[in-house]
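Topology and contacts: notes
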Amino acid sequence: MKVVLFCGGYGMRMRNGAADDVPKPMAMVGPRPLIWHVMRYYAHFGHTEFILCLGYGAAHIKNFFLNYQETISNDFVLRNGQAELLSTDIADWTITFVQTGIESPIGERLRRVRPYLDGDEMFLANYADVLSDVPLPDMIERFSNSDSGASMMVVPPQSSFHCVEMDEGGKVGSITAVSEMPLWENGGYFVLRQEVFDHIPENGDLVADGCGELAKRGRLVAYPYRGFWKPTDTVKERAALDYAYTHGERPWALWERQPAASIA
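Residues numbered from 1 in each chain as written. Predicted model: local features only at pLDDT ≥ 70, side-chain atom pairs only at ≥ 80, totals over all residues. Heavy atoms only, no water.

Identification of the protein as Glucose-1-phosphate cytidylyltransferase from Amycolatopsis balhimycina DSM 5908 is taken from an unreviewed UniProt entry.

Have a look at this one:
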């Protein structure tokens, strides 16, 4: 299936100053940017047709792939001054780069790449800055069997704050960590049918409008997941992932330890 990745946001909480115009998906984790890790995850399961919804800092993403260096993350033999690759990352990928606007909300970005889906009834979508080891084939199978219009991975709240229950006089009855409450939040990793476009208005949002309307109609299914899932909304979160990577703790990198799954 084709994979739509939203990579056009400003990523202000990841910026190091006004002169830093690198978009969040290009923040580095190990020797490669976030977007590469996300794409490698999908490619591991055989989904190698990507549609990138570009916006802010699009040139950085384009140049990365136009000048891609396979030798950075692959073994090779140097013979007579020429590198002979022993493996490859992206040789079998097809990547469509689409400028979807600087200020466009995610729903509008999705609307603008609809022509590049070639009418496929089902397709995948995700943010380009969230890493997980969620079992993608199982998610797709459950969605396919559900006959719903969209599937959304949901995860426990990631906040480290606590919720306080109190009476009108301010007397506290209980304190509960947000992560322990019976709540779920959007974790990205969508599986969608063309039906979702019926509910996204011009300049609309994928979740609030598209998924929200499908939920009202009983056409949205969730995929709860309690395994590894990490967003990278801040410099601190990116640094934590980079530290984990350099110390060999990268559970999202399924391609390093699992045989590629068949999607036939």
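There's more to say after this.
1. Details of the pairing of strand β1 (residues 2-7)
This is how the line gets drawn: Only protein chains enter the area calculation, which uses a 1.4 Å probe; residues under 20% of their type maximum are buried, those over 50% are exposed, and those in between are partly exposed. Helix numbers and strand numbers start at the N terminus; a helix is a DSSP run of H or I with at least 4 residues, a strand a run of E with at least 2. Only strands joined by at least two bridges in the DSSP assignment are considered to pair.
Buried residues dominate β1, accounting for six of its six residues. On β1, burial covers both faces: Lys2, Val4 and Phe6 on one face and Val3, Leu5 and Cys7 on the other are all buried. Where β1 and strand β4 (residues 49-54) come together, six bridges link them in parallel fashion. When the sheet's bridge partners are listed, Val4 is paired in β4 with Ile51. Where β1 lies against strand β8 (residues 122-127), four bridges are found, and the strand directions are parallel. Bridge pairing in β8 links Leu5 to Asn126.

2. Thoughts on the nonpolar core
Nonpolar side chains in soluble globular proteins tend to end up buried together. Rule in force here: What makes a nonpolar core is a set of buried Ala, Val, Leu, Ile, Met, Phe, Trp, Tyr and Cys residues whose side-chain atoms join them at distances within 4.5 Å. The contact criterion used is simple: two residues touch if any of their non-hydrogen atoms lie within 4.5 Å.
In this structure, Val4, Leu5, Tyr42, Leu52 and Leu110 are the most contacted members of the largest nonpolar core, which totals 71 residues. Element by element, the count of residues in this core is highest for helix α1 (residues 34-44), at eight residues. Setting aside residues up to four positions removed in sequence, Leu110 forms contacts with Val4, Phe6, Phe123, Leu192, Val196, Phe197, Ile200 and Leu206.

3. Thoughts on the sheet that holds β4
Counted only if it meets this: Helix axes are fitted to C-alpha atoms over the stretch in contact, other axes to C-alpha atoms as well, and angles between N-to-C directions run from 0 to 180 degrees.
What the seven strands build is an open sheet, ordered β7-β4-β1-β8-β13-β10-β14; its pairing is mixed. Each of the sheet's edge strands pairs with one partner strand only, and the pair in question is β7 (94-99) and β14 (220-224). Within the sheet, the average angular offset between the axes of one strand and its neighbour, ignoring direction, is 25 degrees. Most of the contacts of α1 go to β1, to which it runs at about 165 degrees, and overall it touches β1, β4, β7, β8 and β13 (185-193).

4. Overview of the packing of aromatic side chains
Here a ring pair, both rings aromatic, is described through the centre-centre distance and the interplanar angle of the planes. For clarity, the cut-off: Here is the rule: rings of Phe, Tyr and Trp (six-membered ring for Trp) pair when centre to centre is within 6.5 Å. Planes less than 30 degrees apart are stacked, more than 60 are edge-to-face, and the remainder are tilted.
The full count for this structure, using the stated rule, is 15 aromatic pairs. Where Tyr41 meets Tyr189, the ring centres are 5.6 Å apart and the plane angle is 90 degrees; that geometry is what we call edge-to-face. With Tyr41 in helix α1 and Tyr189 in strand β13, the pair connects residues that are 148 residues apart, well separated along the chain. Ring plane angle 25 degrees and centroid distance 5.8 Å describe the contact between Phe228 and Trp252, whose orientation is recorded as stacked. Here Phe228 is found in the loop between β14 and β15 (229-231), whereas its partner Trp252 is found in the segment after α6 (235-246), with 24 residues between them in sequence. Here Phe228 falls in the buried class, since its relative accessible area comes to 19%.

5. Things to note about the environment of Ser179
Looking at the secondary structure, you find Ser179 in the loop between β12 (172-177) and β13. Judged by relative accessible area, Ser179 falls into the partly exposed class, the value being 38%. In the structure, Ser179 is positioned 23 residues away from Pro156 in sequence and 6.2 Å away in space, judged by C-alpha atoms. When neighbours within four sequence positions are excluded, Ser179 is seen to be in contact with Pro157 and Ser159.

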